[in-house]
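Observations on the three-dimensional arrangement
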Amino acid sequence: MRRAPTETVVSLAGEIDMSTVQRLATTVDEILGGDAPQRVVLDMSGVTFCDSQGLGTLVVLSRKATMAQSYLVLTNVGAFLIRVLDITGLRGALMIQEPA
């Protein structure tokens, strides 16, 4: 995790599924608690899989960030996850930073 005054970056690796979503949610909740940064960036470059619980958790965390007057931003999102987000209609529910 990399913290700066306006942004916290969390690098994710492996699978986002029922066995890991609680750890992800706890991490983001801790970041948003108290003095939330303007942006919480989830670097998805190491993510190899994301199931329905993972997708749901990302949407819930995005809403929590909004309530904390912050933004949850996904970066380095793999083509497989973009495809899943498109198929499920959730792409519009998440802020995805496209590569420069």
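Residues numbered from 1 in each chain as written. Predicted model: local features only at pLDDT ≥ 70, side-chain atom pairs only at ≥ 80, totals over all residues. Heavy atoms only, no water.

What counts, and what does not: UniProt positions are given in the numbering used here, feature names are shortened, and annotations may be inferred rather than shown by experiment.
For the protein chain, an unreviewed UniProt entry supplies the name Anti-sigma factor antagonist and the organism Dactylosporangium maewongense. Looking at the protein chain in UniProt, the text filed under Sequence similarities (unreviewed entry) is "Belongs to the anti-sigma-factor antagonist family."

Focus on the packing of helix α1 (residues 21-32) against helix α2 (residues 52-67)
Condition: Structural elements are reduced to axes, namely lines fitted to C-alpha atoms, with helices fitted over the stretch in contact, and the angle between N-to-C directions of any two is expressed from 0 to 180 degrees. Each helix is a run of DSSP H or I of at least 4 residues and each strand a run of E of at least 2, with the numbering of both proceeding from the N terminus. Our angle categories are set so that under 35 degrees counts as roughly parallel, over 145 as roughly antiparallel, 65 to 115 as roughly perpendicular, and the remainder as oblique. Should any heavy atoms of two residues lie within 4.5 Å, those residues are counted as being in contact. Residues are grouped as follows: nonpolar covers Ala, Val, Leu, Ile, Met, Phe, Trp, Tyr, Cys and Pro; charged covers Asp, Glu, Lys and Arg; every other residue, Gly included, is treated as polar.
Put simply, α1 and α2 touch, their axes get as near as 10 Å, and they point 10° apart. With respect to each other, α1 and α2 are oriented roughly parallel. Facing α1, whose interface residues are V21, L24, A25, V28, D29 and L32, α2 presents Q53, G54, T57, L58, L61, K64 and A65. Along the lines of polarity and charge, the residues of the contact of α1 with α2 split into eight nonpolar, three polar and two charged.

Overview of the side chain of T75
Structurally, T75 is set in strand β4 (residues 71-75). Apart from residues lying up to four places away in sequence, T75 is in contact with V41, L42, D43, M44, S45 and Q97.

Description of helix α3 (residues 79-88)
Stated precisely, the cut-off is as follows: Throughout, exposure labels follow a simple rule: accessible area from a 1.4 Å probe, protein chains only, divided by the maximum for the residue type, with under 20% read as buried, over 50% as exposed, and the rest as partly exposed. Picture the helix axis, draw a direction to every C-beta atom, and the arc is the one those directions span.
Within the sequence span of α3, burial applies to L81, I82 and L85. One side of α3 carries all its buried residues, which in axial view fall inside an arc of 105°. Projecting away from the buried face of α3 at angles above 90 degrees are the exposed residues A79, R83 and I87. In this structure, the buried side of α3 is in contact with β3 (39-50), α2 and β5 (95-97). Looking at the residues trailing α3, positive phi occurs at G89, about 80°.

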